[in-house]
Every structure is written in structure tokens, then in C-alpha cells.
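Chain by chain, the residues run as shown.
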Amino acid sequence: NIGLGYQSLYGASAGTTGNYNDAFGYQTGKSLTSGSGNLLLGTQAGMNLTTGTGNVYGGNSVARCMCNGSYNVALGYFALQGSTTVSANTGGCNIV
């Protein structure tokens with residue numbers, strides 16, 4: 001795992017079981033604990049992602065509220081952000 005930026009992969013510091021995650025930017029992958037193979041780029045990209053796998057998120061707040069979706073590709077400002085109820089955002093296999 002590689003996390004660069006304030007609180008990037010912050011949840012991983014508690015002992016993640018996920019591997020091969022790359023997160024670059026402020027709070028990217030902040031809540032990630034067991035997801036694997038994610039690429040998160042940009043401010044708060046995948047911030048609430050906990051167990052997602054194989055996601056590619058690029059841009060400001062992309063998929064910020066997604067909690068456990070897998071195999072999603074989202075690019076652009078607020079793409080795939082979802083509702084503010086984090087537990088309601090669990091979709092998979094989306095391209096946005």
C-alpha cells in the first residue's frame with residue numbers, strides 16, 4: 001500500500017488486511033481497511049471506501065461516499081459521489 005497526502009489510507013494505519021492500494025491526495029482512501037487493488041487520485045477520492053476492491057477513482061471527491069463498491073471506474077469532479085448516507089452507497093461494476 002502507498003498513501004501520500006494528509007490522512008491518505010488513514011484507516012490502514014490501524015492494520016489493514018487489504019493490499020496493493022495506491023492513494024494520492026488529501027484524505028484519499030481515509031477509511032480503507034480491507035479493500036485491495038484500488039487506485040485513488042485526488043482530494044477525498046474514495047474517502048469512505050472500506051472494503052472495495054479493484055476501483056479506479058480520479059478527481060476531486062470522486063466516490064467520496066462509496067463505502068464498499070468494487071470494480072468501479074469514476075473520473076471527474078464529484079463523479080459517483082452517491083448520497084451522503086455512506087452505508088447506502090455499495091454499487092459495483094460502474095463506469096462513470
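Note that the structure is a prediction, hence the values are computed from the model and not measured.

What counts as what
- Residues numbered from 1 in each chain as written.
- Predicted model: local features only at pLDDT ≥ 70, side-chain atom pairs only at ≥ 80, totals over all residues.
- Heavy atoms only, no water.
- Helix = DSSP H or I, 4+ residues; strand = E, 2+ residues; numbered from the N terminus.
- Buried < 20%, exposed > 50% of the residue type's maximum accessible area, 1.4 Å probe, protein only.
- Contact = heavy atoms within 4.5 Å.
- Areas by Shrake-Rupley, 256 points an atom, 1.4 Å probe, with all protein chains shown as cover.
- Pairing = 2+ DSSP bridges.
- Axes fitted to C-alpha atoms, helices over the stretch in contact; angles between N-to-C directions.
- Polar contact = N/O pair within 3.5 Å; in protein donor to acceptor, adjacent residues only side chain to side chain.
- Patch = residues over 30% accessible without salt bridge, like charges linked within 9 Å, V, L, I, M, F, W, Y side chains within 5 Å.
- Salt bridge = Lys/Arg side-chain N within 4 Å of Asp/Glu carboxyl O.
- Phe/Tyr/Trp six-rings, centres within 6.5 Å; stacked < 30°, edge-to-face > 60°.

Novice: Just give me the short version of the overall build of the protein, but keep the residues and values in it.
Specialist: On a plain count of helices and strands, the protein comes out with 0 helices and 5 strands. Evaluated residue by residue, the protein yields a buried proportion of 41% over its 96 residues. The long-range share in the protein, meaning contacts at least 24 apart out of those at least 6 apart in sequence, stands at 2%. Here the protein displays about 4500 Å² of accessible surface, and carbon together with sulfur accounts for 58% of that area.

Novice: Give a description of the sheet that holds strand β3 (residues 39-41) that names residues and reports values.
Specialist: In a beta sheet, neighbouring strands pair by backbone hydrogen bonds and run either parallel or antiparallel. Taken together, 5 strands build an open sheet; the order of strands is β1-β2-β3-β4-β5 and the sheet is parallel. Two strands bound the open sheet, and with one partner strand each, they are β1 (2-4) and β5 (73-75). The mean inter-strand angle of the sheet, taken between neighbouring strand axes irrespective of direction, is 5°. Sheet topology places strand β2 (residues 22-24) next to β3; 3 bridges connect them, and they run parallel. Across the sheet, residue Phe24 finds its bridge partner in β3, namely Leu41.

Novice: Residues and numbers for the side chain of Asn48, please.
Specialist: Looking at the secondary structure, you find Asn48 in the loop between β3 and β4 (56-58). Side-chain polar atoms of Asn48 contact the backbone oxygen of Arg64, separated by 2.9 Å.

Novice: Describe in detail a nonpolar patch on the surface, supporting the description with residues and values.
Specialist: Where nonpolar side chains cluster on the molecular surface, the patch consists of Ile2, Leu4, Phe24 and Leu41 and spans about 330 Å² of accessible area. Counting through the fold element by element, Ile2 comes out in strand β1. For Ile2, a relative accessible area of 42% puts it in the partly exposed group.

Novice: An account of the packing of aromatic side chains is requested, with residue identities and associated values reported.
Specialist: Inspection of the entire model under this criterion finds 2 aromatic pairs. Centroid distance Tyr6 to Tyr26: 5.8 Å. Interplanar angle 15°. Geometry classified as stacked. Of this pair, Tyr6 sits in the loop between β1 and β2 while Tyr26 is found in the loop between β2 and β3, placing the two residues 20 residues apart along the sequence. Relative to Phe78, the ring of Tyr77 lies with its centre 4.3 Å away and its plane at 90°, an arrangement referred to as edge-to-face. For Phe78, a relative accessible area of 30% translates into the label partly exposed.

Novice: Describe the environment of Cys67, with residues and values.
Specialist: Its place among the elements puts Cys67 in the loop between β4 and β5. By relative accessible area, which is 11% here, Cys67 ends up buried. It is 5.5 Å that separates the C-alpha atoms of Cys67 and Thr50, two residues lying 17 residues apart in sequence.

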